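Notes for the structure review
Read off the chains here:
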Amino acid sequence: MTTNAAADVDTLVRDFYEALNTGETALVDQALAPGWEAVPALRTGPGAQGWKDTITHLRGVFSDLTVTIEDVVASGDRVAVRSVGRGVHTGELLGVPGTGNRVEFRATDLHRLENGRIVQTWHLEDHFGIATQIGLTFTPGTRP
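Notes on the structure follow. In this text the structure is predicted, and so the values were computed from the model without any measurement.

This part covers the pattern of salt bridges. In total, this model carries 9 salt bridges according to the counting rule given. Among the ionic pairs, R106 bridges to E70, the shortest N-O distance being 2.9 Å. Linking R106 in strand 4 (residues 102-114) with E70 in strand 2 (residues 62-75), this pair joins segments that are 36 residues apart in sequence. One continuous salt-bridge network, built from bridges that share partners, spans E70, D71, R82, R86, E104 and R106.

What follows concerns the sheet that holds strand 3 (residues 78-89). Overall, mixed pairing links the 5 strands, which are arranged 1-5-4-3-2 in an open sheet. Edge positions in the sheet fall to strand 1 (32-39) and strand 2, since each of these pairs with one other strand and no more. Strand-to-strand, the axes of this sheet are offset by a mean angle of 25°, without reference to chain direction. Sheet topology places strand 1 next to strand 5 (residues 117-125); 4 bridges connect them, and they run parallel. Each residue of the ladder has a partner; that of E37, found in strand 5, is Q120. Sheet strands touched by helix 3 (residues 47-61): strand 1, strand 2 and strand 3. Its angle to strand 2, the strand with the most contacts, is close to 135°.

Helix length check: helix 3, at 15 residues, gives a terminal C-alpha distance of 21 Å against a target of 21 Å (1.5 Å per residue), a fit within 8%. Every buried residue of helix 3 is listed here: G47, G50, W51, K52, T54, I55 and V61.

Reading the values: the criteria
- Residues numbered from 1 in each chain as written.
- Predicted model: local features only at pLDDT ≥ 70, side-chain atom pairs only at ≥ 80, totals over all residues.
- Heavy atoms only, no water.
- Salt bridge = Lys/Arg side-chain N within 4 Å of Asp/Glu carboxyl O.
- Helix = DSSP H or I, 4+ residues; strand = E, 2+ residues; numbered from the N terminus.
- Pairing = 2+ DSSP bridges.
- Axes fitted to C-alpha atoms, helices over the stretch in contact; angles between N-to-C directions.
- Contact = heavy atoms within 4.5 Å.
- Expected span 1.5 Å × (residues − 1).
- Buried < 20%, exposed > 50% of the residue type's maximum accessible area, 1.4 Å probe, protein only.

What is shown is where atoms sit, not what they do.
In structure tokens, the structure reads:
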């Protein structure tokens, strides 16, 4: 990958995450291709609008939300990103009203690029870690 291509990829993925930090969803339109697919599918709906709605939701759940990119690794048309989010749990999440707890959560995404835009994202997040930080408890052998 050339230096310019690497810089373009870095800017592209940073725009995807910067929208979480600022709420500036116009960045989403710059980063995502029409028909962008999230795997697993977003609860807020498909495509760029689904991601924008997710950003709005998360910024409502976690005041002072910040997402810090810790690693970006690119190979061919794939870009892996390791990030950490931080915020104060002030809105309802997983059936739990805002607790005021400071929460930290880690995520790993694998993005597939075409023509300088993200066309598909596979997302893994530490949901168990978030759940325990907002006060959910789990008992072995029981089901919700």
